[in-house]
Amino acid sequence: MATDTQTQSLFSIAKDIRSTLPASVQDKYSTRDIHRTLAYLLIKSGDLEKNDTALEPTASGIDHGIIIQDDDSSLKFLPAAANYVCSIFYKAYPAFSPAVLSDSVLEGFKETGKVEPSFEYQGKTYKYTDQAWYEDSNLLSRDKTLWAEKQFSALFFNNNLGVSMLADIGDQFRSQGPKRLGALFYDEALKKAEPDKKKKLLTKLAGTYRQLHMPLRAIKLYEDMSSDEYALCVSVPFLTAVASAYCDINNNIAAKELADKATELGNGKQGIELSSLYRRIRSGNGTGK
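Residues numbered from 1 in each chain as written. Predicted model: local features only at pLDDT ≥ 70, side-chain atom pairs only at ≥ 80, totals over all residues. Heavy atoms only, no water.

Points about the overall build of the protein chain
A count of helical and extended segments in the protein chain gives 14 helices and five strands. Here the protein chain holds 289 residues, and 45% of them are scored as buried. (Helix = DSSP H or I, 4+ residues; strand = E, 2+ residues; numbered from the N terminus. Buried < 20%, exposed > 50% of the residue type's maximum accessible area, 1.4 Å probe, protein only.)

Quick notes on the pattern of salt bridges
Applying the stated criterion across every chain yields a total of 10 salt bridges. In this structure, Glu135 engages Lys124 in a salt bridge whose closest nitrogen and oxygen atoms are separated by 3.5 Å. With Glu135 in strand β4 (residues 132–135) and Lys124 in strand β3 (residues 124–129), the pair connects residues that are 11 residues apart, well separated along the chain. Its relative accessible area of 13% is what places Glu135 among the buried residues. The salt bridge partner of Glu188 is Lys191, with a shortest N-O separation of 3.7 Å. On the criterion of helical spacing, the pair formed by Glu188 and Lys191 is a turn pair, its members being three residues apart in helix α8 (residues 179–192). Taking relative accessible area as the criterion, Lys191 reaches 60% and is therefore assigned exposed. (Salt bridge = Lys/Arg side-chain N within 4 Å of Asp/Glu carboxyl O.)

Quick notes on the environment of Glu120
As for its position among the elements, Glu120 is in strand β2 (residues 118–121). In sequence terms Glu120 and Leu101 are 19 residues apart; their C-alpha atoms lie 6.2 Å from each other.

A closer look at the side chain of Asp248
In this structure, Asp248 sits in helix α12 (residues 236–248). Within polar-contact distance, the side chain of Asp248 engages the side chain of Arg210 at 2.7 Å. A distance of 2.8 Å separates polar atoms of two side chains, one belonging to Asp248 and the other to Arg280. (Polar contact = N/O pair within 3.5 Å; in protein donor to acceptor, adjacent residues only side chain to side chain.)

Some remarks on the layout of surface pockets
Looking at the second largest pocket, its volume works out to about 340 Å³. If you trace the second largest pocket, you find 14 residues lining it, with Arg210, Thr240, Ala241, Ser244 and Glu273 closest to the centre. Looking at the lining of the second largest pocket, the elements that each hand over two or more residues are α9 (195–211), α12 and α14 (272–283). Residue composition of the lining of the second largest pocket, grouped by class: three nonpolar, five polar and six charged. (1 Å grid on protein atoms, 1.4 Å probe; cavity = no way out; pocket = protein on both sides within 12 Å on 5 of 7 lines; lining within 4 Å. Points joined across faces, edges and corners; volume = space filled by probe spheres on them. Nonpolar A, V, L, I, M, F, W, Y, C, P; charged D, E, K, R; others polar.)

A look at the environment of Gly182
Positionally, Gly182 belongs in helix α8. Between the C-alpha atom of Gly182 and that of Ser153, which follows or precedes it by 29 residues, the distance is 9.6 Å.

Notes on the nonpolar core
The biggest cluster of nonpolar side chains holds 58 residues, and the ones touching the most others in it are Phe119, Trp133, Phe152, Phe156, Phe185 and Phe238. Considering every element that reaches this core, the biggest residue donor is α12, with eight residues. Beyond its immediate sequence surroundings of up to four residues, Phe238 is in contact with Leu202, Thr203, Ala206, Leu221, Tyr222 and Met225. Judged by nonpolar contacts, the second largest core, of six residues, contains Ala14, Leu21, Ile34 and Leu38. (Core = buried A, V, L, I, M, F, W, Y, C linked by side-chain atoms within 4.5 Å. Contact = heavy atoms within 4.5 Å.)

Details of the pairing of β4
A regular strand places its side chains on the two faces of the sheet in alternate fashion. Looking at chain direction, β3 and β4 are connected through four bridges and run antiparallel. Residue pairing in the sheet places Thr129 in a bridge with Ala132 of β4. In textbook terms, the turn of a hairpin is the stretch between consecutive antiparallel strands, and for β3 and β4 this stretch comprises two residues, one of which, Asp130, has a positive phi near 55°. Where β4 and strand β5 (residues 138–139) come together, two bridges link them in antiparallel fashion. Counted as the bridge partner of Glu135 is Asn138 from β5. Taking the residues that link successive antiparallel strands as the turn, the β4-β5 hairpin has two residues, and the phi of Asp136 there is positive, at about 55°. (Pairing = 2+ DSSP bridges.)

So, the confidence of the model for the protein chain
Overall, the predicted model of the protein chain reaches an average pLDDT of 77, with 71% of residues at or above 70. A low-confidence stretch, residues 1–7 stays under pLDDT 50, and its non-local contacts, those more than four residues away or across chains, total 15 contacts. Low pLDDT, under 50, characterises residues 55–80; the predicted model gives this stretch 47 contacts beyond four residues in sequence or across chains. (pLDDT = per-residue confidence, 0-100.)

A short note on the sheet that holds β4
The five strands lie next to each other as β1-β2-β3-β4-β5, forming an open sheet whose pairing is antiparallel. In the strand order of this sheet, the two ends are held by β1 (100–101) and β5, each with one partner. Taken strand by strand, helix α6 (residues 142–157) contacts β1, β2, β3 and β4, and its axis lies near 100° from that of β2. (Axes fitted to C-alpha atoms, helices over the stretch in contact; angles between N-to-C directions.)

So this is what it looks like as structure tokens:
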């Protein structure tokens, strides 16, 4: 992360911050404690890499380097104090400030269960409106749009939502947009779901990938299933959705094999979608939906 603060090491920033703390806190924690804490939290959050030049010690001849471990053993600074120090740090150095959900997003979600995609980052507001993402009033590019959607979903996942709530939000985004957020929320729900909850989620996610013109992602859901997962989680609608994805890429042979599996799983019965799929396979039309 390239920022203007790289001309000043994180250790010297920690020194500046320590000078603003109450005397009682300064007595407890050294500059190096604050430095290590900031570095740990910033790396943990993904705002800095371990080799970022902003982490280098000052040219004082004293080694103030940090040791980053996989667990919390290197975090000597108490969490409550660390949060206080980081709030000062982010205010003084906004280039490092993390993205945060807008208060209105959380309030609206608590009141209605609906989500208005919006977050704040480095003094700017990112919002999905009129079927597009904007930075303040500026329309985002495709690459920045993908970044915004991943950023927003990651922020929401930090609220430890349950499977049902994640799925409901996924339903909202799939029907109202942005559909990529629907896929991200379904995928997160899948990671937490028990096998009996995965059947519908797999079907919804596969269908969303197809709507996004990403049939290979839908196929991968099927190909990545273990034998145990297949036995517990596969369903006729899911197999039908994946078979349709094979049709999307003009692989009618694989589509027919999965359609036959779906028919067998359904004891020979064919619903509307599966019957339509067979007609599509017979016609050799791999371009339609």
